[in-house]
Amino acid sequence: NIISSIKTYKFNCAWVFNSTFKQIFFHNNYDEKDSKQLLLDPETVKKFFSKQKFPHFFLKTEKYLLEIACAPIQYSYDFKREGIAQGYYITGRIWDDEYLNEIHKINNSKVFLAYPGIYSEVQKNETNINHPEIILAKTPLLDYSGNVISYLISRHVDKGIYGLMEANQKQLPLFLIYGVV
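Our subject in this report is the structure included herewith. (Residues numbered from 1 in each chain as written. Predicted model: local features only at pLDDT ≥ 70, side-chain atom pairs only at ≥ 80, totals over all residues. Heavy atoms only, no water.)

1. Quick look at the pattern of salt bridges
With the rule as written, the count across this model stands at one salt bridge. Residue Glu67 pairs with Arg93 through a salt bridge whose shortest N-O separation is 4.0 Å. Linking Glu67 in strand S4 (residues 65-73) with Arg93 in strand S5 (residues 87-94), this pair joins segments that are 26 residues apart in sequence. Accessibility assignment for this pair places Glu67 and Arg93 in one class, buried. (Salt bridge = Lys/Arg side-chain N within 4 Å of Asp/Glu carboxyl O. Helix = DSSP H or I, 4+ residues; strand = E, 2+ residues; numbered from the N terminus. Buried < 20%, exposed > 50% of the residue type's maximum accessible area, 1.4 Å probe, protein only.)

Here is the structure:
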């Protein structure tokens, strides 16, 4: 069931911990050598669930930026998730060029990551482009403690705004010539 959900929802890895935070399952669909970077110790997992019932955050490893989503495992009749968790389910998705390209296809924007150390340079370069038809958006990606681990930058050129500006520039001289007469 878990392995099929990894394929269906395009996760890259999944962990299951029991109610005492002992890892009882781990599976990934990438290079096995990299799985050592993704070992989660019981105390860390316990911290994840100490503040929120459904933690969601990003984790930076040496090689990856990983989106982490967590949920308690409850009895199926416990719709409100009020009972004691029977375990904990954690999934991870790697944010690599392939995944960013999927986001690009959805919103038709250039999408990239900028880590905090280089974000100010990216921002300077992007804001030096003085074109109102360019829409620049940034979303901070936070680690478990709420610190910015990276920014998701989306740069979109709105051809509609560009067309309006171009038409405006062509018609303004006409308005001035014929408006004065």
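2. Description of the packing of aromatic side chains
Across all of its chains, the model carries 10 aromatic pairs by this definition. Considering the side-chain rings of Phe49 and Tyr88, the 4.5 Å spacing of their centres and the 45° angle between planes classify their relative orientation as tilted. Residue Phe49 is found in helix H2 (residues 42-51), and its partner Tyr88 is found in strand S5; the two are separated by 39 residues along the sequence. Given a relative accessible area of 13%, Phe49 falls into the buried group. The exposure class of Tyr88 is buried, given its relative accessible area of 11%. Taking 5.5 Å as the distance between ring centres and 75° as the angle between the ring planes, the aromatic pair formed by Phe57 and Tyr144 counts as edge-to-face. Linking Phe57 in strand S3 (residues 56-60) with Tyr144 in the loop between strand S7 (134-142) and strand S8 (148-157), this pair joins segments that are 87 residues apart in sequence. Take Phe57: its relative accessible area is 3%, and that puts it in the buried class. (Phe/Tyr/Trp six-rings, centres within 6.5 Å; stacked < 30°, edge-to-face > 60°.)

3. Examining the side chain of Arg93
Here Arg93 falls in the buried class, since its relative accessible area comes to 17%. Within the structure, the side chain of Arg93 is placed 3.2 Å from the backbone oxygen of Lys10, a separation counted as a polar contact. Excluding residues that lie within four positions of it along the chain, Arg93 makes contacts with Tyr9, Lys10, Phe11, Asn12, Leu65, Leu66, Glu67 and Tyr99. (Polar contact = N/O pair within 3.5 Å; in protein donor to acceptor, adjacent residues only side chain to side chain. Contact = heavy atoms within 4.5 Å.)

4. Here's the deal with the sheet that holds S4
Read from one edge of the open sheet, five strands run S2-S1-S5-S4-S3, paired in antiparallel fashion. Each edge of the open sheet carries a strand with a single partner, namely strand S2 (23-28) and S3. Recorded for the sheet is a direction-independent mean angle of 20° between the axes of neighbouring strands. As judged from the five bridges shared by strand S1 (residues 13-18) and S2, these two strands associate in the antiparallel manner. Bridge pairing in S2 places Phe17 opposite Gln23. (Pairing = 2+ DSSP bridges. Axes fitted to C-alpha atoms, helices over the stretch in contact; angles between N-to-C directions.)

5. Topic: the side chain of Asp78
Inspection of the secondary structure puts Asp78 in the loop between S4 and S5. Here Asp78 occupies a buried position and makes no salt bridge, while the nearest side chain of opposite charge, Arg81, is found at 5.8 Å. Polar contacts involving the side chain of Asp78 include one to the main-chain amide nitrogen of Glu82, which spans 3.0 Å. (Lys, Arg positive; Asp, Glu negative; His and termini not counted.)

6. What to know about the nonpolar core
Counting residues in hydrophobic clusters, the biggest one holds 18 residues, and the most contacted among them are Trp15, Val45, Phe48, Phe49 and Ile90. Among the secondary structure elements, those contributing two or more residues to this core are S1, H2, S4 and S5. In this view, Phe49 contacts Phe21, Pro55, Cys70, Ala71, Pro72, Tyr88 and Ile90; residues no more than four positions away in its chain are not counted. (Core = buried A, V, L, I, M, F, W, Y, C linked by side-chain atoms within 4.5 Å.)

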